[in-house]
Structures are given as structure tokens and as C-alpha cells.
Amino acid sequence: MKIVVILGLALGLAYCGYLVMLYLGQDAMVFPGRAADPAREAEIRRYYPRLEDFTVTAADGTKLSGYYLPRTLDGKPAPAVLYFCGNAEEQTGFFLWSPNELRPYGVAGLDYRGYGRSGGKPSEAALKADALAAYDALAEKLGQGGRILVMGRSLGTALAAHVAARRPVAGIILVTPFASLAGVGAESHPFVPVRLLLTAPFDVVPDAGRVTAPALFLVAGADSHVPPRHAERLAAAWGGPKEVRVIDGTGHNNIVDAPEYWKCVKAFVKACLG
């Protein structure tokens, strides 16, 4: 009996230690950060000579950096796509190949705090405020009547939805989205009280119900990181018109390599922005 009690206490202490480790290390898992790659940045500047620095000073004084590729239609700034990265991305990865696919529209993206050349430390509240600031800064560049379509991937879908619920957007593209980051974590860690421990739960459902702009959901059929059922839950809560496309055989990280991916994106962007 004494051995059983000792083993129980040891297991309990080990479990509590594991929870403490997860709690203290959660920021590194949710926001791993990614430094800008100078070689890739030089490469995108060679590809796109008109590429501009996109800089925003957040309300708390944090300097945020990204890129803006302006394009014109009829002598005026073209409508633009504002992109929000996944949690393991920074903007040069998107700008390396995406602007060619998004012609003739402008393309903009701001790196999260602690990513690329942006300062500060990320948190859910800070990233949501920064996402709105990025939209406002881009809208100022486009001028009166400028139209913006927001696009997010993985973590970025929560930020795109947050913006679409609070700003006028022409449309929204959600790549490998989820209804709740806490829900994804709870499912992948069934023996951990994720919802109690997670400081950045990113519950997208309240924002989803407020969005009236058309939405395109691009779901990876073989996604093991964010299984398709999470996108289904978000789509069920979506307030505006939506199109849900499941790309079979693709995973969380390679959905963008599927030929169907850009066909869907380009058709949707054209329908929204003209």
C-alpha cells in the first residue's frame, strides 16, 4: 500500500511538473518567432523593384515591419490583399511567390511582434490590435474607396477574421482555419487542461458570427495539425456567405503546393475585387 501511495505521489508530481512546463513554454509553442532571412529579402526586392517597406507604429510604441507591393489600375492604387502569416512564417516567405499569383492587385503584409524585423513580444491581444492597425495603414495608402481583401493562414486566419469582423473588407480567405486554438490544443493533448492553461486561446467563433463579407475556406483534407473538423466548426458559425473547398491529399504545410490552391484563390480574389 505504501508503495502505491509513493508511486501515486510521484506520478502526480510528475504530471504537475509537466503542466508547469507546458504553461511556461506555451508562448514558444504558439509564437515560435522567425527572423527575417536577409538573402530571401534581397531576392524579393530583386523580383519586385517596386516593393516598399510597410511599417506601422503600434499604440504601445512597438515598431512593426513588413512589405507592400503597390500596383495601379487606371492610374489609381489597385485593390490589395492583406496577408496574415501562420505562426511559423514571416512575410518574406509569402512575398517570395504570392504577388505573381495575385496580379493585378497590391499585396501587403506585416510581420507579427518578434517575427521578421518587427519588435516587441507577441500575445493574442497585441496581435489582434496590430492586425487592425495594419488594415488601417493599408487603407490609408489606398485612399478613399480603396478595397482590401484579407487572407490568413493557420494562426493568421484568426487575425483575418478579427479584422473582417471590425473593418469593411471585400472578402476573406481562410487557409487551414480553426474555430478555436484552445480547441485544437485540447484535442491534441487530451490529458491536459489546455483551456485552463492557454493564455492565447484564439476563439474565432465570436468574430465569425459578425463577418458579412464573402469567405473562402481552403481546408487541407489530410491536415494532421488542424484536422478538417475544426474548419467545419468555424464554417458552421460563419455569419456571411462562404465557400468551403477541401483539397484532398494535402496537409497543413503543403496545401499551397496543390494546383487547385491558387486556382481557388485567384478566382475568389477576382470575384471580390473585380
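Above: the structure in question.
What you are looking at is a predicted structure, and each value in this text was computed from that prediction instead of being measured. (Residues numbered from 1 in each chain as written. Predicted model: local features only at pLDDT ≥ 70, side-chain atom pairs only at ≥ 80, totals over all residues. Heavy atoms only, no water.)

Peer 1: Residues and numbers for helix 6 (residues 155-164), please.
Peer 2: The element helix 6 is extensively covered by neighbouring structure, given that 10 of its 10 residues are classed as buried. Among the residues making up helix 6, those that are buried are Leu-155, Gly-156, Thr-157, Ala-158, Leu-159, Ala-160, Ala-161, His-162, Val-163 and Ala-164. (Buried < 20%, exposed > 50% of the residue type's maximum accessible area, 1.4 Å probe, protein only. Helix = DSSP H or I, 4+ residues; strand = E, 2+ residues; numbered from the N terminus.)

Peer 1: Give a detailed account of the sheet that holds strand 7 (residues 106-110), specifying residues and quantitative values.
Peer 2: The eight strands are arranged 2-3-7-6-9-10-11-12 in an open sheet whose pairing can be described as mixed. With partners counted over all chains shown, the strands left at the sheet margins are strand 2 (52-57) and strand 12 (242-247), one partner each. If you compare each strand with its neighbour and ignore which way they point, the axes differ by 20° on average. Sheet analysis places strand 2 next to strand 3 (residues 63-69), joined by six bridges and oriented antiparallel. The residue of strand 3 that forms the bridge with Phe-54 is Gly-66. Against the sheet, helix 6 contacts strand 6 (80-84), strand 9 (148-153) and strand 10 (171-175), and its axis sits at roughly 150° relative to strand 9. (Pairing = 2+ DSSP bridges. Axes fitted to C-alpha atoms, helices over the stretch in contact; angles between N-to-C directions. Contact = heavy atoms within 4.5 Å.)

Peer 1: I'd like a rundown of empty space enclosed by the protein, residues and numbers included.
Peer 2: This model, assessed by the stated rule, comprises one cavity of 30 Å³ or more. Each pocket or cavity is described by its volume, and for the largest cavity that value is around 70 Å³. Taken together, Leu-64, Phe-84, Leu-110, Asp-111, Tyr-112, Arg-113, Leu-127, Asp-130, Ala-131, Ala-134 and Leu-159 form the lining of the largest cavity. Per-element accounting of the lining of the largest cavity gives the leading share, four residues, to helix 5 (residues 124-142). (1 Å grid on protein atoms, 1.4 Å probe; cavity = no way out; pocket = protein on both sides within 12 Å on 5 of 7 lines; lining within 4 Å. Points joined across faces, edges and corners; volume = space filled by probe spheres on them.)

Peer 1: Which residues make up the pattern of salt bridges, and what values go with them?
Peer 2: Here the structure, examined in full by the defined rule, presents 15 salt bridges. Measuring nitrogen to oxygen at the nearest pair gives 3.3 Å for the salt bridge that ties Glu-41 to Arg-45. Highlighted residues: Glu-41 and Arg-45, both in helix 2 (residues 38-47), separated by four residues, approximately one helical turn. Accessibility expressed as a relative area gives 12% for Glu-41, which makes it buried. Of the charged contacts in the structure, one is a salt bridge between Arg-245 and Glu-260, with a shortest N-O distance of 3.0 Å. Taken together, the positions of Arg-245 in strand 12 and Glu-260 in helix 11 (residues 259-273) put the pair 15 residues apart, joining distant regions of the chain. When its relative accessible area of 29% is taken as the criterion, Arg-245 is described as partly exposed. A residue is classified by how much of its surface remains accessible, and Glu-260, at 28% relative accessible area, is partly exposed. Each of the salt bridges in this network shares a partner with another, and the network as a whole consists of Glu-41, Arg-45, Asp-53 and Arg-117. (Salt bridge = Lys/Arg side-chain N within 4 Å of Asp/Glu carboxyl O.)

This is a description of form; function is not addressed.
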